[in-house]
Amino acid sequence: MASAPRAAARATLVSLRRQIAAIEKLAPARATGAAGWTGDREAERSALLVTGAEAFDRELGGGIALAGLTEIHVPEARDAGLSAGFAAGLLSLAAAPAFLARDPVLWIGAPGVFSEAGVPHGRGFAGLGLDPSRMLLVEPRTLADALWVAEEAARTRGLAATVLEMRGNAKGFGLRETQRLQRRAQPSGRPLFLLRQSAAIEASAAPLRLVVEPAPSAPLVVLEGTAHARAVPGGIGPPGFAVTIEKNKAGPAGRTHLLHWNSHERSFYAEQSRRRRAQPDLAADVTAAVVGTVVRFPSGAAHSGAEFPLSVDGPDRAQPPRQDMAAGKG
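Quantities reported herein were computed from a predicted structural model and do not represent experimental measurements.

Glancing now at the packing of aromatic side chains. If you walk through the whole model with that rule in mind, you get 5 aromatic pairs. Joined through ring pairs, the aromatic side chains of F86, F241, W261 and F268 make up one cluster. The positively charged end of R190 is found above the aromatic ring belonging to F99, 3.8 Å away from the centroid.

A word on helix α5 (residues 80-91). Taking 1.5 Å as the rise per residue, α5 with 12 residues should run 16 Å; its terminal C-alpha atoms sit 16 Å apart, in good agreement. Of all 12 residues making up α5, 11 are buried, and the element is well covered by its neighbours. Along α5, the positions that sit buried rather than exposed are A80, L82, S83, A84, G85, F86, A87, A88, G89, L90 and L91.

Quick look at the sheet that holds strand β7 (residues 191-197) now. The 9 strands are arranged β5-β4-β6-β7-β3-β8-β11-β12-β13 in an open sheet whose pairing can be described as mixed. Across the chains shown, the open sheet's two edge strands, defined by having one partner strand only, are β5 (135-138) and β13 (267-270). Looking at each pair of strands side by side, their axes are set apart by 30° on average, direction ignored. For strand β4 (residues 105-109) and β5, the ladder comprises 4 bridges, and the chain directions are parallel. Counted as the bridge partner of L106 is L136 from β5. The sheet strands contacting helix α10 (residues 175-188) are β3 (68-74), β6 (161-167) and β7, and the helix crosses β3 at an angle near 130°.

For the rest of this paragraph, the subject is α10. Taking 1.5 Å of rise per residue, the 14 residues of α10 would be expected to cover 20 Å, and the 21 Å separating its terminal C-alpha atoms lies within 8% of that figure. Looking only at α10, the buried set comprises E177, T178, L181, Q182, A185 and S188. Angularly, the buried residues of α10 cover 135° about the axis, an arc narrow enough to put them on a single face.

Okay, the pattern of salt bridges next. Counting across every chain of the model gives 9 salt bridges. Of the charged contacts in the structure, one is a salt bridge between E71 and R209, with a shortest N-O distance of 3.9 Å. With E71 in strand β3 and R209 in strand β8 (residues 208-215), this pair connects stretches of sequence that are 138 residues apart. For E71, a relative accessible area of 1% corresponds to the buried category. Assessed through its relative accessible area of 6%, R209 is described here as buried.

The next thing to look at is the nonpolar core. Core analysis: the biggest nonpolar cluster contains 61 residues, and L49, F86, L90, W107 and L164 have the highest contact counts within it. What L90 contacts, discounting residues up to four positions off in sequence, is L49, T51, I64, I72, L100, F193 and F268.

On to the packing of helix α9 (residues 143-154) against α10, then. In the contact formed by α9 and α10, the axes pass within 8 Å of each other and the chain directions differ by 25°. As summarised for this structure, α9 and α10 are arranged roughly parallel, according to the angle between their axes. Packed against α9, whose contacting residues are L147, A150, E151 and A154, the element α10 presents E177, R180, L181, R184, A185 and S188 at the interface. Its residues assigned to classes, the contact of α9 with α10 comprises 5 nonpolar, 1 polar and 4 charged.

Once that is clear, we can look at unusual backbone geometry. Even without being glycine, S198 reaches a positive phi, approximately 45°. When you line up the elements, S198 lands in the loop between β7 and β8. Accessibility expressed as a relative area gives 31% for S198, which makes it partly exposed.

Cut-off values and rules
Position numbers for residues start from 1 in each chain and track the written sequence from start to end. Local features in this predicted model are restricted to residues whose pLDDT is 70 or higher, and side-chain atom pairs enter the listing and the counts only when it is 80 or higher, whereas totals over whole chains, interfaces and linings include all residues. To get the side-chain values, all heavy atoms of the structure are used, and hydrogens and water are removed first. Each pair of aromatic rings taken from Phe, Tyr and Trp, with Trp reduced to its six-membered ring, is defined by centres within 6.5 Å and is described as stacked if the planes are under 30 degrees apart, edge-to-face if over 60, and tilted in the remaining cases. By the criterion adopted, a ring carries a charge over it if an Arg CZ or a Lys NZ lies within 6 Å of its centre and within 35 degrees of its normal. Under the DSSP-based scheme used, a helix requires at least four consecutive residues in state H or I and a strand at least two consecutive residues in state E, with every element numbered from the N terminus. What a helix is expected to span follows from its residue count: subtract one and scale by 1.5 Å. Accessibility here uses a 1.4 Å probe with only protein chains present; expressed as a share of the type maximum, an area under 20% marks a residue as buried, one over 50% as exposed, and anything in between as partly exposed. DSSP-based pairing: two strands are paired if at least 2 bridges between them are found. What counts as an axis is a line fitted to C-alpha atoms, over the stretch in contact for a helix, and the angles between N-to-C directions run from 0 to 180 degrees. Throughout, a contact is declared for two residues whenever any of their heavy atoms are within 4.5 Å. Here the arc refers to the set of directions running from the helix axis out to each C-beta atom. Note on definitions: salt bridges are taken to be side-chain nitrogens of Lys or Arg within 4 Å of carboxyl oxygens of Asp or Glu. Buried residues of nine kinds, namely Ala, Val, Leu, Ile, Met, Phe, Trp, Tyr and Cys, make up a nonpolar core once their side-chain atoms join them within 4.5 Å. Any angle that is under 35 degrees is reported as roughly parallel, and any over 145 degrees as roughly antiparallel; angles of 65 to 115 degrees are reported as roughly perpendicular and all others as oblique. Each residue receives one of three labels: charged for Asp, Glu, Lys and Arg, nonpolar for Ala, Val, Leu, Ile, Met, Phe, Trp, Tyr, Cys and Pro, and polar for the others, Gly being one of them.

Below is the structure:
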């Protein structure tokens, strides 16, 4: 996370150069190749959305491109909350440039999307680190209207990002429509996320297509980063996403990454790398927690640290009364 401010500064600078290039009607290559950069490749990498999951970012060529179209697919309409949560995480990344955390986000629901899967919930966005007051929800009556709104929004620099949510494989949506969306989003330097529910994979101009499926939540750990880190039995930790890189023009495709979202640090992480950074005895503590060991507090803490038996697969069994209470001692 130490390089996050530098990456954010570079991304903002590249975005400003692209805006100036669009005003002066220059080619994007000239905008990113200004003096002071070591090359076009470095300028391109600095205009990326770094998720924080190192292996995932590495396969994406450093991260998700800020300027352009990115597709996020979920297999079923019932997984709409999964794709919305994943997109919300991308929109609230700590390493993102300032405009992504400041400007409003336009969320467009194509016809039938909100009635089938529900309207995005403000409290859910807040729980993921995304300020719901910045969200603008639009539900056009026709698919043509939804596409028109998305194209106009994608070229607007007053928005942090545009999200277009669709269901199935619509007859009026195909390769040509994705090409138009990609062309609109690139000059503005703003991301355009296309969320697709229960849609078969088809030809698209999007450089990146991700398929997101449900994954188990990470263990809930208390006192993490200390010698007293323990897993809470039955606790639900950060949400999990099984993300498959289905199409990737910046690198390899086909691999599935198990990612979790840390709403406090506002970044994704892979469970394997998280465990490597944790205390050496954390794995043993997780095993102990599964069989019913409650956190033992360090000596000198307010609680005595006694261990109590727990039932992890049902309600706790009643325990015999303490002797001092049975004897009437207060």
